[in-house]
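# Observations on the three-dimensional arrangement
In case you want the letters, here they are:
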Amino acid sequence: MPDANFVYDVKDVAVQPYSPSRRRSVEHFWRITLVLLADYRSTWTIQTFFGFVMPLGMIYLFKYIDSGLTQERAVFILGGNLVTSIAYGPVMLLMNRIGWSRQIRSFDYWANLPVSPLTWVLAMSAVSLLLALPGLIAVYVMGCLLLGLSMAGGLALLPLIPLATLSLTGVGAFLGAYAKNYQVANVLANAVVGFVSFLSPIMIPMEHMPAPMQWIARLVPTTYAADGFRSVLAGNFGPGLAYDILILVLLMVVSLVAVHQKLNWRAA
Amino acid sequence: MPAAVYSAKHLTKIYPGNDRKANDDLTFEIHEGEVFGLLGPNGAGKSTLVSQLAGLLKPTSGSIRLYGIDVVAHPEAVADYVALQPQGSSAVGDLYPHEAIYHTGRFRGLTSAEARRQTGALLEELNLAAIGRRAINQLSGGQRKLVTLALAFVGDRPVMIFDEPTNELDPEIRRVVWEKLQALNRRGTTILLVTHNVLEAERVIQRVGIVSQGRLMALGTPGELKARVDQRVRLELLFKTDDETAPAMLARLGEARPLTRRHWTVLCHREGARDSIDQVLGRIGLDRLDDFRILTPSLEDVYLQLGGGAKLA
């Protein structure tokens with residue numbers, strides 16, 4: 001990718017840019033977020049409900065199956081379902097949004113403005129997070145009540161939530177970049193949800209997974225996000241949590257760099 | 001000659017999985033401060049060309065330069081200079097019109113006060129002020145079209161591209177849009193206009209390119225192109241009632257063709273045009289006619305003969 005400010009260095013450009021607006025990434029992030037949020041004026045309740053109902057159902061299911069629930073097991077279930085709530089909400093939303101935008105060519109509008117695709121993805125991630133927050137809080141509160149966990153350390157989850165969301169939506173955006181239309185994006189989104197639900201240690205402890213799956217699980221952010229949530233829920237703020245946070249930051253950076261390279265909203 | 005804003009050379013586009021060339025070796029310039037009309041029938045390759053000029057589509061081969069910048073290598077630079085009228089309003093469909101125009105202006109670097117001023121002015125000019133808090137995707141087709149025009153107007157980009165700007169608009173607002181385009185051009189804005197509405201566009205276009213089957217069939221001023229087509233004067237007559245004597249009488253004036261049973265067109269040579277007009281007035285008389293027009297070659301004739309005739313017919 002060329003340097004975003006290349007125009008100012010090109011010697012043979014006859015006319016300087018009309019507006020150096022490309023440099024205002026922070027303002028653009030805020031403004032794109034406002035524009036994208038408006039898209040959910042009429043549907044935010046459904047979006048929120050969607051991110052809330054599935055994880056809560058899973059908590060009910062696990063509680064029903066596992067009658068002699070230990071605190072360790074309860075923490076495992078709730079931590080995993082908080083991640084599921086992010087995967088079902090923001091990640092699916094982002095992937096479907098990218099596919100749909102390609103299909104109806106709404107990226108043409110954005111491509112004709114001096115904003116970068118990465119800023120758009122970050123803004124869309126922020127929108128996804130905002131839409132997921134009510135569901136996440138509901139899953140946390142209802143999960144603690146149903147599973148008999150204390151809510152004392154709940155505030156410590158707050159910094160972890162955007163980190164987990166950004167690392168997951170980064171993966172979602174990267175996969176979404178391969179989606180040529182809504183149908184492909186939908187298939188990819190369902191594959192991610194299937195992976196999150198059954199093939200990473202969200203519902204099943206790592207040690208019970210087949211060896212190849214354990215290796216794959218170590219490469220995806222859901223594993224570390226769930227571990228981080230579980231550490232906070234159990235009140236373990238030691239090196240394990242720091243390690244999860246470090247890996248999440250690394251995966252977030254890698255996935256966002258990949259998005260920056262791959263997500264091209266101009267057609268081939 | 002004014003400087004070239006756009007310079008396209010040997011531009012060819014073949015879509016993946018398709019053998020046919022959507023654009024075939026197009027070479028042309030768009031000069032600073034002119035209204036350049038791009039005419040052609042459906043499927044001629046106009047939209048493909050516009051998408052490439054706007055940096056939305058990568059050419060298969062050839063080059064495009066905008067103010068000297070290589071658009072193929074740096075498509076993101078186009079947004080700093082060019083405002084493209086969006087094909088649809090889906091990207092901002094859930095916004096209210098004033099929000100979409102304001103935010104677009106802000107993205108283009110306007111201050112908050114200036115974006116607000118331009119938004120208010122455009123809403124008034126385009127008769128959108130009364131819409132208020134109704135989402136764009138709930139508006140009529142014509143109103144949505146006006147919003148997309150406002151999205152192109154806001155921010156005062158030095159180059160503006162419009163694709164069928166007056167489709168779906170009523171005659172009154174169409175006139176407002178054409179006047180707005182002329183006003184922008186008088187202020188120095190370079191305008192690329194893609195349209196089928198040749199008759200209306202003729203009033204504002206200063207240079208024209210006619211595209212057909214992906215190729216540039218003609219390029220020049222309307223006057224230059226008109227000189228290349230049939231120079232006969234066209235008389236158009238709309239009879240009040242069916243007139244069985246009309247065919248024989250009109251055939252004596254020149255090449256007469258019925259458009260409908262009561263609507264006739266006669267092509268006559270310039271030298272004999274005055275006689276023909278006198279005969280229409282004397283032997284037929286205005287009392288028997290609902291409408292009588294005398295037409296010299298128009299840009300539409302150029303378009304029909306050089307580009308769109310076969311497919312529009």
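Residues numbered from 1 in each chain as written. Chains lettered and ligands numbered in written order. Predicted model: local features only at pLDDT ≥ 70, side-chain atom pairs only at ≥ 80, totals over all residues.

### Observations concerning the overall build of chain A
The helix and strand inventory of chain A stands at 10 helices and zero strands. Secondary structure elements in chain A, listed N-terminal to C-terminal, are α-α-α-α-α-α-α-α-α-α. By the burial criterion, 46% of the 268 residues in chain A qualify as buried. Residue pairs in contact within chain A that sit at least 24 positions apart in sequence constitute 82% of those at least 6 positions apart. (Helix = DSSP H or I, 4+ residues; strand = E, 2+ residues; numbered from the N terminus. Buried ≥ 20, exposed ≤ 12 C-beta atoms within 10 Å, placed from the backbone. Contact = placed C-beta atoms within 7 Å.)

### Observations concerning the overall build of chain B
From N to C terminus, chain B includes 10 helices and 14 strands. With the C-alpha coordinates of chain B rotated into their principal frame, the extents come out at 65 × 45 × 40 Å. Considering chain B as a whole, with its 313 residues, one finds that 44% of them fall into the buried category. For chain B, restricting intrachain contacts to residue pairs at least 6 apart in sequence, the fraction spanning at least 24 positions comes to 68%.

### A closer look at the sheet that holds strand 2 (residues 23–31) of chain B
Backbone hydrogen bonds hold the strands of a sheet together, and the pairing may be parallel or antiparallel. All names here are of chain B. One open sheet holds the four strands; their spatial order is 2-1-4-5, and the pairing between them is antiparallel. Edge positions in the sheet fall to strand 2 and strand 5 (69–70), since each has one partner strand and no second. Here strand 1 (residues 4–13) runs beside strand 2; their pairing, made up of six bridges, is antiparallel. Directly across from A4, in strand 2, lies its bridge partner H31. (Pairing = 2+ DSSP bridges.)

### With respect to the sheet that holds strand 7 (residues 159–163) of chain B
Residue and element names in this part refer to chain B. Taking strand neighbours across the sheet as the criterion, the six strands line up as 6-7-8-3-9-10 in an open arrangement whose pairing is mixed. Edge positions in the open sheet fall to strand 6 (82–84) and strand 10 (215–220), since each of these has one partner strand only. When the angles between neighbouring strand axes are averaged without regard to direction, this sheet yields 15 degrees. Sheet topology places strand 6 next to strand 7; three bridges connect them, and they run parallel. In the strand pairing of strand 7, V82 is matched with V159. The strands touched by helix 1 (residues 46–53) within the sheet are strand 3 (35–39), strand 7, strand 8 (190–194) and strand 9 (207–212), with strand 7 carrying the most contacts at an inclination of about 155 degrees. (Axes fitted to C-alpha atoms, helices over the stretch in contact; angles between N-to-C directions.)

### Examining the domain arrangement of chain B
By the assigned domains, chain B splits into domain 1 (4–226) and domain 2 (233–296). Distance from the C-alpha centre of domain 1 of chain B to the C-alpha centre of domain 2 of chain B: 40 Å. (Domains from an automatic or database assignment.)

### Comments concerning the environment of T45 of chain A
All names here are of chain A. Within the secondary structure layout, T45 lies in helix 2 (residues 44–65). Judged by the 11 C-beta atoms lying within 10 Å of it, T45 is exposed. For the pair T45 and G135, spaced 90 residues apart in sequence, the C-alpha to C-alpha distance is 10.0 Å.

### Quick word on the confidence of the model for chain B
Residue and element names in this part refer to chain B. Put simply, chain B has an average pLDDT of 89, and 97% of its residues get 70 or more. Here residues 309–313 scores under 50 on pLDDT; set against residues more than four positions off or in separate chains, the count is five contacts. Interface scoring of the predicted complex returns ipTM 0.81; its pTM is 0.81. (pLDDT = per-residue confidence, 0-100.)

### Quick word on unusual backbone geometry
Residue and element names in this part refer to chain B. Even without being a glycine, N127 presents a positive backbone phi close to 65 degrees. Position of N127 among the secondary structure elements: in the loop between helix 3 (112–125) and helix 4 (141–153). Here the phi dihedral of Q213 falls at roughly 50 degrees; this positive angle occurs in a residue that is not glycine. Inspection of the secondary structure assignment puts Q213 in the loop between strand 9 and strand 10.

### Regarding the pairing of strand 13 (residues 263–268) of chain B
All names here are of chain B. Residues W264, V266 and C268 point to one face of strand 13 and are all buried, whereas H263, T265 and L267, pointing to the other face, are not buried. Relative to strand 13, strand 12 (residues 255–258) runs antiparallel, the two being bridged by four bridges. Bridged to E255 within strand 13 is L267. Linking strand 12 back to strand 13 in an antiparallel pair, the connection comprises four residues.

### Thoughts on helix 1 (residues 25–38) of chain A
If you check helix 1 of chain A, its first and last C-alpha atoms are 20 Å apart, about what 14 residues at 1.5 Å a residue would give, namely 20 Å. Structurally, helix 1 of chain A contributes buried residues whose contacts are with helix 5 (117–147) of chain A together with helix 2 (97–107) of chain B. (Expected span 1.5 Å × (residues − 1).)

### Focus on the packing of helix 6 (residues 160–176) of chain A against helix 9 (residues 221–233) of chain A
All names here are of chain A. At a minimum axis distance of 9 Å, the contact between helix 6 and helix 9 shows a crossing angle of 170 degrees. By the angle between their axes, helix 6 is roughly antiparallel relative to helix 9. Along the contact surface, helix 6 presents L160, A164, S167, L168 and V171, while helix 9 presents P221, T222, A225, G228, F229 and V232. The residue inventory of the contact of helix 6 with helix 9, partitioned by class, reads eight nonpolar, three polar and no charged. (Parallel < 35°, antiparallel > 145°, perpendicular 65-115°, else oblique. Nonpolar A, V, L, I, M, F, W, Y, C, P; charged D, E, K, R; others polar.)

### Thoughts on helix 5 of chain A
Residue and element names in this part refer to chain A. Taking 1.5 Å as the rise per residue, helix 5 with 31 residues should run 45 Å; its terminal C-alpha atoms sit 42 Å apart, in good agreement. At A132, helix 5 is deflected by roughly 40 degrees, the largest bend along its length, and proline P134 occurs up to four residues later in sequence. Two residues or fewer past helix 5, G148 is found with a positive phi of approximately 70 degrees. (Bend = angle between axes of the 7 residues up to and from the residue.)

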